[in-house]
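The lines below spell out each chain.
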Amino acid sequence: MPAEEDKITTPNNGLTTVQFSAEEALKRGTIEERPPAELKRGFKNRHVNMFAIAGSIGTGLIIGSGQALASGGPGSILVAYLIMGTCVYTIMTAFAEMAIFAPMNKGFSGYATRFVDPALGFATGWNYFFKYSVLLANNLTATGLVIRYWREDINVGVWIAVFGVLVVALNFLPVEKFGETEFVMAIVKIIVLVGLILCCFILSLGGSPSGKHIGFRYWKDPGAFAPYLAKGNLGRLLGFWSCLVQGAFMFMGCEVVGITYGEAKNPRRAIPRAVQQTIWRIAVFYIGGVIVLGMTVPYTNELLLSANQEKTSASASPFVVALKLAGVETLPALVNACFLMFTVSFANSDIYIASRTLYGLARDKQAPAIFMRTNRWGVPVYAVSAASLFCCLAFLNVSSSSSKVFSYFVSLSTVLGLINWLNIVITYYCFQKGIQAQGITRAGLPWKGPLQPYGACITFAITVIVIIFNGYAAFIGGFKLDKFVTSYLGIVLYVFNIVFFKTWRRTKRVRAEEMDLVSGRRMYDQDADAEDVPKAVTQRLKSALWGQ
């Protein structure tokens, strides 16, 4: 008879439980053997919350929204961002349900392996790793180009090297130190963006040097919905679709806060708070931002159209265009300095995401075991080193011809990111089937996401449509092979990854009734019980002193 403390308790339904020994569970494969070294839970709740709030506030939001505004107009961009924001929120809540039910430090690929098929976990993990490794090089290039606002005489490769060394060094720090660094930079990003939104709102109400009251005048003239690539209703439809595709790329990355769940000290409290912050971030930063931009910048303005040709300088931001139109000429340099903070922060988090994804792949034996090794601070040093090597790709941007080839790489990575949205939804669907097959009701889950499970189904349908038609521009005005390849090659690579791994490892789909719904939960429950001890002691003292 095993000792009482060696028993694992897992819900069998909303009311009853099933108990068996840890040794028996290990033989049955329902819990995993721990590697000699693991990631440490060094992220505090405020680190995870701030990662969720500022996780996607970067040059994409500040600059890319200008391209969407010029293509579709203020009405199209608002509707498109509302749709994609809802999709991101349902993805976040779906993943949070799984992460709170069974915490793991293997990232998205670990859950795909555990609940669907190891082949899907392999494809998910490697997609995420290469996506953020390539974006690391892109963001490092952006740091150099942003500095060229002041110094055009210095080669961009110098700044790539300087900031590359900086972000690599930050990722070798203990996770709590890394968390503090990102916490500070996140606060700066939030302050800057809130300041820009408020500034544009004040300008639209007549707070400019000219005192001109704008309001929603630009929604009437030139209009709310801009034609794009064609005239009439077809052009307005294409303009809206351009905003929807741009919005999908813009929101991509909001879900990566899920990577931090494995290193959160208290997942049961940190994860729900991080998810709830997502809806406020979408409402305030994205929706609020595009509303004030539509009020202060007409989509036909020459400054906006010309700025979109310079996607990495301060002048490319529609916020800066709004300031210039209002006669405020002193802020662009300050905004550019803030953009530098954004790009450094994103390069920093790119290494973190890529390395933790690679660590999770190694844990699932889908990558070399060396990437699973950690130092005494719990940092996966070999995984961080491998991700950091992609800094060298940024030097391709030193020449214009290589920069064009590299832009194809970035476009490919964004398509892979959309595919990984699908992977999260598919994993969640299989997870729901698993708990139903094993007699666990939704009422028995420790946390239930709003709009679920129906929200995930709607998000799946929208994401599939965006992936299929995101390369529409390749067929308008003559067939464009380069746009077609960068829009759809990711799908081919994704399918190849799945077929390759299934052929190599002979993997099978995880059956719902045999799905592992125990691993990690015993340690999770023990941690939660330990945190409840001080509360229990406090209550006993109150009872002894005051009879409460």
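Residues numbered from 1 in each chain as written. Predicted model: local features only at pLDDT ≥ 70, side-chain atom pairs only at ≥ 80, totals over all residues. Heavy atoms only, no water.

For the rest of this paragraph, the subject is the overall build of the chain. Assigned secondary structure in the chain consists of 18 helices and two strands. Burial status across the chain gives 56% buried among its 548 residues. Surface summary for the chain: the accessible area is close to 23,500 Å², and the carbon and sulfur share equals 64%. (Helix = DSSP H or I, 4+ residues; strand = E, 2+ residues; numbered from the N terminus. Buried < 20%, exposed > 50% of the residue type's maximum accessible area, 1.4 Å probe, protein only. Areas by Shrake-Rupley, 256 points an atom, 1.4 Å probe, with all protein chains shown as cover.)

Once that is clear, we can look at unusual backbone geometry. Residue proline 222 is bonded to the preceding aspartate 221 through a cis peptide linkage, with omega at 20°. For proline 222, the location among the structural elements is in helix H8 (residues 217–223). For the peptide bond that leads from glutamine 452 to proline 453, omega is 5°, which places it in the cis range. Within the fold, proline 453 resides in the loop between helix H15 (400–437) and helix H16 (454–469). We note that arginine 506 has phi near 55°; this positive angle belongs to a residue other than glycine. Within the secondary structure, arginine 506 is located in the loop between helix H17 (481–505) and helix H18 (521–546).

What follows covers the confidence of the model for the chain. Averaged over all residues, the pLDDT of the chain is 76; the fraction at 70 or higher stands at 75%. The secondary structure element of the chain with the lowest average pLDDT is strand E2 (residues 17–21), at 39, and the one with the highest is H16, at 92. In the predicted structure, residues 1–36 sits below a pLDDT of 50 and forms 68 contacts with residues beyond four places in sequence or in another chain. Counting interchain partners and residues more than four positions distant, the pLDDT-below-50 stretch residues 528–538 has six contacts. (pLDDT = per-residue confidence, 0-100. Contact = heavy atoms within 4.5 Å.)

The next subject is the packing of helix H5 (residues 118–147) against H17. Where H5 meets H17, the closest approach of the two axes is 8 Å, and the angle between their N-to-C directions is 135°. Here H5 lies oblique to H17, going by the angle between them. Taken as a pair, H5 and H17 cross one another with a handedness that is right-handed. Residues Pro118, Ala119, Leu120, Phe122, Ala123 and Asn127 of H5 form the contact with H17, whose participating residues are Tyr494, Asn497, Ile498, Phe500, Phe501 and Lys502. Of the residues belonging to the contact of H5 with H17, the class tally is nine nonpolar, two polar and one charged. (Axes fitted to C-alpha atoms, helices over the stretch in contact; angles between N-to-C directions. Parallel < 35°, antiparallel > 145°, perpendicular 65-115°, else oblique. Left-handed = near helix turned anticlockwise from the far one by under 90°. Nonpolar A, V, L, I, M, F, W, Y, C, P; charged D, E, K, R; others polar.)

Here we come to the environment of aspartate 117. Relative to the elements of secondary structure, aspartate 117 occurs in the loop between helix H4 (107–115) and H5. Aspartate 117 sits in the buried class, given a relative accessible area of 8%. In sequence terms aspartate 117 and isoleucine 498 are 381 residues apart; their C-alpha atoms lie 9.4 Å from each other. Apart from the residues within four sequence positions on either side, aspartate 117 is in contact with Ala112, Lys502, Thr507, Lys508, Arg509 and Val510. One polar contact links the side chain of aspartate 117 to the main-chain amide nitrogen of arginine 509, over a distance of 3.3 Å. (Polar contact = N/O pair within 3.5 Å; in protein donor to acceptor, adjacent residues only side chain to side chain.)

On the surface, a cluster of nonpolar side chains totalling about 710 Å² of accessible area is made up of Phe475, Phe479, Leu481, Phe484, Val485, Leu489, Val492 and Leu493. What makes leucine 489 partly exposed here is its relative accessible area of 36%. (Patch = residues over 30% accessible without salt bridge, like charges linked within 9 Å, V, L, I, M, F, W, Y side chains within 5 Å. Salt bridge = Lys/Arg side-chain N within 4 Å of Asp/Glu carboxyl O.)

In this section: the packing of aromatic side chains. Under the definition given, this model contains 24 aromatic pairs. Pairing phenylalanine 501 with tryptophan 504 gives two aromatic rings, centres 5.9 Å apart and planes at 90°, and the pair type is edge-to-face. Highlighted residues: phenylalanine 501 and tryptophan 504, both in helix H17, separated by three residues, approximately one helical turn. Its relative accessible area of 2% is what places phenylalanine 501 among the buried residues. By the ring-pair criterion, three or more aromatic residues cluster together here, those being Phe122, Trp126, Phe129, Phe130, Phe390, Phe496, Phe500, Phe501 and Trp504. (Phe/Tyr/Trp six-rings, centres within 6.5 Å; stacked < 30°, edge-to-face > 60°.)

So, about the nonpolar core. Of all hydrophobic cores here, the largest spans 136 residues; its most connected members are Tyr81, Leu140, Leu358 and Phe431. Per-element accounting of this core gives the leading share, 21 residues, to helix H3 (residues 59–101). (Core = buried A, V, L, I, M, F, W, Y, C linked by side-chain atoms within 4.5 Å.)

Along the chain, glutamine 452 falls in the loop between H15 and H16. Given the relative accessible area of 8%, glutamine 452 is considered buried. A polar contact is formed between the side chain of glutamine 452 and the backbone oxygen of threonine 90, at a distance of 2.7 Å. A distance of 2.8 Å separates the side chain of glutamine 452 from the side chain of threonine 93, its partner in a polar contact.

Let us look at the environment of tyrosine 111. The topology assignment puts tyrosine 111 in helix H4. A C-alpha to C-alpha distance of 9.9 Å links tyrosine 111 and asparagine 423, two positions 312 residues apart in sequence. Look past the residues within four positions of tyrosine 111 in its chain and what remains in contact with it is Phe95, Met98, Ala99, Ala102, Pro103, Met104, Val116 and Thr427.

The next thing to look at is the environment of leucine 203. Positionally, leucine 203 belongs in helix H7 (residues 175–207). In this structure, the C-alpha to C-alpha distance between leucine 203 and isoleucine 214, residues 11 residues apart in sequence, is 7.9 Å.

The subject of this paragraph is the pattern of salt bridges. Opposite charge on two side chains makes pairing possible when the charged atoms of those side chains draw close. Across all of its chains, the model carries five salt bridges by this definition. Close ionic contact of aspartate 117 with lysine 502 constitutes a salt bridge, the shortest N to O distance being 2.9 Å. In this pair, aspartate 117 sits in the loop between H4 and H5 while lysine 502 sits in helix H17, placing the two residues 385 residues apart along the sequence. Judged by relative accessible area, lysine 502 falls into the partly exposed class, the value being 31%. The shortest N-O distance in the salt bridge between glutamate 514 and arginine 511 comes to 3.8 Å.

At their nearest, the axes of helix H9 (residues 232–251) and H16 sit 11 Å apart, and the two run at 110° to each other. The orientation of H9 with respect to H16, classified from their angle, is roughly perpendicular. Mapping the contact onto sequence places Trp241, Leu244 and Ala248 in H9 and Ile465, Val466 and Phe469 in H16. For the contact of H9 with H16, a count of residues per class yields six nonpolar, no polar and no charged.

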